[in-house]
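# Commentary on secondary and tertiary structure
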Amino acid sequence: QVQLVESGGGLVQPGGSLRLSCAASGSIFSINAMGWYRQGPGKQRELVAAITSGGNTNYADSVKGRFTISRDNAKRMVYLRMNSLNSEDTAVYYCNFQVKVRRWLDWSDYWGQGAQVTVSS
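Quick look at the structure, then. In every chain, residue numbers begin from 1 and rise along the written sequence. Thresholds applied to this predicted model are a pLDDT of at least 70 for local features of residues and 80 or more for the giving and counting of side-chain atom pairs; totals over whole chains, interfaces and linings are not thresholded and use all residues. Derived side-chain values reflect all non-hydrogen atoms in the structure, with water molecules and hydrogen atoms excluded from consideration.

For the chain, the count of helices and strands is zero helices and eleven strands. Between the two quantities, the radius of gyration covers C-alpha atoms and the globule rule is 2.2 Å times the number of residues to the power 0.38. Relative to its length of 121 residues, the chain is compact, with a C-alpha radius of gyration of 14 Å against a globular reference of 14 Å. The dimensions of the chain, computed from C-alpha atoms along their principal axes, are 50 × 25 × 25 Å. The cut-offs for exposure are 20% and 50% of the maximum accessible area for each residue type, with area from a 1.4 Å probe on protein chains only; residues under the lower value are buried, those over the upper are exposed, and the others partly exposed. Looking at the chain as a whole, 40% of its 121 residues qualify as buried. Note on contacts: a residue pair qualifies if any of its non-hydrogen atoms lie within 4.5 Å across the two residues. Counted over contacts in the chain with a minimum sequence separation of 6, partners at least 24 positions apart contribute 57%. Values of accessible area rely on a 1.4 Å probe in the Shrake-Rupley scheme; residue burial ignores everything except the protein chains shown. Entry remark: accessible area of the chain is about 6,500 Å², with carbon and sulfur atoms responsible for 44%. In summary, the charge assignment counts Lys and Arg as positive and Asp and Glu as negative, without counting His or the chain termini. Charge placement uses NZ in Lys and CZ in Arg. For Asp and Glu, CG and CD serve respectively. Separation between the mean location of the 13 positive side-chain charges and that of the 8 negative ones in the chain comes to 7 Å. Under the DSSP-based scheme used, a helix requires at least four consecutive residues in state H or I and a strand at least two consecutive residues in state E, with every element numbered from the N terminus.

Printed below as a string of structure tokens:
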């Protein structure tokens, strides 16, 4: 029932910017941490950025200073602002929410469908 829908991917030139969005729908009791992962061609999936329910953030070294993660709890959304993009940022980006669908249930991970980001001139 819970679904995460991503938007904002696309083709961008080196040095350009994009903002990814991820919105949750369905019956949700609570959302804990949110995050963004990516998987480039021939690479393993890696954590790009994460944000706790209290707003604390963590970034991969490769994107630190260029990417910014933020969340809107009322809208049940997470965002990833990507600046100064380069070819190494080309990947499929996935959002991730830690969700509790009922008060008495445990936390579970939910994933977006993936958004393609291609950095090319």
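As a further point, take the side chain of Lys 100. Following the sequence through the fold, Lys 100 ends up in strand β9 (residues 91–100). For the buried residue Lys 100, which engages in no salt bridge, the nearest side chain bearing the opposite charge is Asp 106, 5.8 Å off. Not counting residues up to four positions away in its chain, the partners in contact with Lys 100 are Ile 28, Phe 29, Ser 30, Leu 105, Asp 106 and Trp 107. Throughout this description, the term salt bridge denotes a Lys or Arg side-chain nitrogen within 4 Å of a carboxyl oxygen of Asp or Glu.

To define a nonpolar core, start from buried Ala, Val, Leu, Ile, Met, Phe, Trp, Tyr and Cys residues and group those joined through side-chain atoms within 4.5 Å. Judged by nonpolar contacts, the single largest core of 31 residues is most densely connected at Trp 36, Val 78, Leu 80, Met 82, Tyr 93 and Phe 97. Ranked by the residues each element gives to this core, the list is headed by β9, at five residues. If we skip the residues at most four places from it in the chain, Tyr 93 touches Glu 6, Leu 20, Trp 36, Tyr 37, Arg 38, Val 48, Phe 67, Leu 80, Met 82, Gly 114, Ala 115 and Val 117.

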